[in-house]
Amino acid sequence: QVQLVESGGGLVQPGESLRLSCAASGSICSINVMGWYRQAPGKQRELVATITNADSTNYADSVKGRFTISRDNAKNTVVYLQMNSLKPEDTAVYYCYCHRVIGNRDFWGQGTQVTVSS
């Protein structure tokens, strides 16, 4: 099993920034992708950003230019999501995600709430 622990959510005003962190532990060997998804009330869970072991990144169109995903250089199983210029429509529960090659399994964190409101 892989455990994912998120931190960094909160309440901010439009235009402000937040940084989310996610640390993986447990059977972390062969994790090749980590990232973030989000789910707003009444909507399906959607991709926000992912990063591979080769540092290839992928972003949802709605966050390109505002959000940046990165990995800790010393700990390949810690990822960050820097969120700038936040908008009310970014309000959602943000879930950390990883894919492990061994067993071809996906794992999810419990989620952290991000609320953007004036």
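Provided above is the structure to which this section pertains.
Note that the structure is a prediction, hence the values are computed from the model and not measured.

Conventions and cut-offs
- Residues numbered from 1 in each chain as written.
- Predicted model: local features only at pLDDT ≥ 70, side-chain atom pairs only at ≥ 80, totals over all residues.
- Heavy atoms only, no water.
- Salt bridge = Lys/Arg side-chain N within 4 Å of Asp/Glu carboxyl O.
- Disulfide = S-S within 2.5 Å.
- Helix = DSSP H or I, 4+ residues; strand = E, 2+ residues; numbered from the N terminus.
- Buried < 20%, exposed > 50% of the residue type's maximum accessible area, 1.4 Å probe, protein only.

Caption draft 1: Looking closely at the pattern of salt bridges. Here the structure, examined in full by the defined rule, presents five salt bridges. Notably, a salt bridge pairs D61 with K64, separated by 3.1 Å at the nearest N-O pair. Connected through salt bridges with shared partners, the residues R38, E46, R66 and D90 form a single ionic network.

Caption draft 2: Structural view of the state of the cysteines. Here the structure, examined in full by the defined rule, presents one disulfide. Here C22 is linked by a disulfide to C96, with a sulfur-sulfur distance of 2.0 Å. One disulfide, between C22 and C96, carries an S-S torsion of -85° and so falls in the left-handed class. With C22 in strand β3 (residues 18-26) and C96 in strand β9 (residues 92-100), the pair connects residues that are 74 residues apart, well separated along the chain. The pair C22 / C96 is uniform in exposure class, with both members buried. Left without a disulfide partner, C98 is nearest to the cysteine sulfur of C96, which lies 6.8 Å away. For C98, a relative accessible area of 0% puts it in the buried group.

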